[in-house]
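Understanding the architecture of this molecule
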Amino acid sequence: MTGFSPANFTVSGSGFTPGGSVAINVLNSSGSIVGTTNTTADSNGDINDTVASSILAIGTNTAGTYYGSVEAVDSTTGIKSNAVNVTLTVTMPTPQITLSTTSFTYVG
């Protein structure tokens, strides 16, 4: 999105298959997956990864508040984690102009 500086959030979790792949899903307010980041659990089955919050507002250039959730899925077992709710507030910059000269003289 033009003029939008995305914030990131960190997803941490435990109980996944050690060394296994984990899909971190971002879901919109209707429960549809709008983005996925894949990460690998460490030797203890823990994850710690960063996801861009702007993914909730993909496809829009409209200021507003967007709601969704984040969940993680253990790719080895297919077991889903709990879902955590996320709120993203998007503000758009106000366009600004300047003039090089503010007074003019017309000679006719």
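Residues numbered from 1 in each chain as written. Predicted model: local features only at pLDDT ≥ 70, side-chain atom pairs only at ≥ 80, totals over all residues. Heavy atoms only, no water.

A short note on the overall build of the protein
Of the regular secondary structure elements, the protein holds zero helices and six strands. The contacts of the protein with a sequence gap of at least 6 include a subset with a gap of at least 24, amounting to 60%. Carbon and sulfur atoms make up 50% of the accessible area of the protein, which amounts to about 7100 Å² in all. (Helix = DSSP H or I, 4+ residues; strand = E, 2+ residues; numbered from the N terminus. Contact = heavy atoms within 4.5 Å. Areas by Shrake-Rupley, 256 points an atom, 1.4 Å probe, with all protein chains shown as cover.)

A few points about the nonpolar core
Within the largest apolar cluster, 13 residues are counted, with the highest numbers of intra-cluster contacts made by Val11, Ile47 and Val70. Elements with a minimum of two residues in this core: β1 (8-13), β2 (21-28), β4 (47-52) and β5 (64-74). Broken down by element, this core gets its largest block of residues, three residues, from β2. (Core = buried A, V, L, I, M, F, W, Y, C linked by side-chain atoms within 4.5 Å. Buried < 20%, exposed > 50% of the residue type's maximum accessible area, 1.4 Å probe, protein only.)

Some thoughts on the confidence of the model for the protein
Residues of the protein with pLDDT of at least 70 account for 84%, and the chain-wide mean is 83. Averaged over each element, pLDDT in the protein is lowest for strand β6 (residues 84-90) (84) and highest for β2 (92). (pLDDT = per-residue confidence, 0-100.)

A look at the sheet that holds strand β3 (residues 33-40)
In space, the four strands of this open sheet follow the order β3-β2-β5-β6, with antiparallel pairing throughout. Either end of the sheet is taken by a strand with one partner, and the two such strands are β3 and β6. Geometrically, the sheet is characterised by an average inter-axis angle of 25 degrees between neighbouring strands, direction not taken into account. Here seven bridges tie β2 to β5, and the two strands are oriented antiparallel to one another. Within β5, the position partnered with Asn28 by the bridge is Gly68. (Pairing = 2+ DSSP bridges. Axes fitted to C-alpha atoms, helices over the stretch in contact; angles between N-to-C directions.)

Let's talk about the environment of Pro93
For Pro93, the position within the fold is in the segment after β6. C-alpha of Pro93 to C-alpha of Ala63: the two residues are 30 residues apart in sequence and 9.3 Å apart in space.

Some remarks on the pattern of salt bridges
Counting across every chain of the model gives one salt bridge. Glu71 is paired through a salt bridge with Lys80; the nearest N and O atoms lie 4.0 Å apart. Its relative accessible area of 55% is what places Lys80 among the exposed residues. (Salt bridge = Lys/Arg side-chain N within 4 Å of Asp/Glu carboxyl O.)

Some points on the side chain of Glu71
Relative to the elements of secondary structure, Glu71 occurs in strand β5. Setting aside residues up to four positions removed in sequence, Glu71 forms contacts with Ala23, Ile24, Asn25, Leu27, Lys80, Ser81, Asn82 and Ala83.

Observations regarding the pairing of β2
Among the eight residues in β2, six count as buried, and that is most of the element. Relative to β3, β2 runs antiparallel, the two sharing seven bridges. Its bridge partner lying in β3, Val22 is registered against Thr39.

Comments concerning the side chain of Thr39
In this structure, Thr39 sits in strand β3. A distance of 3.1 Å separates a polar atom in the side chain of Thr39 from a polar atom in the side chain of Asp49. Among all residues touching Thr39, those that are not within four sequence positions of it are Gly20, Ser21, Val22, Ile24, Ile47 and Asp49. (Polar contact = N/O pair within 3.5 Å; in protein donor to acceptor, adjacent residues only side chain to side chain.)

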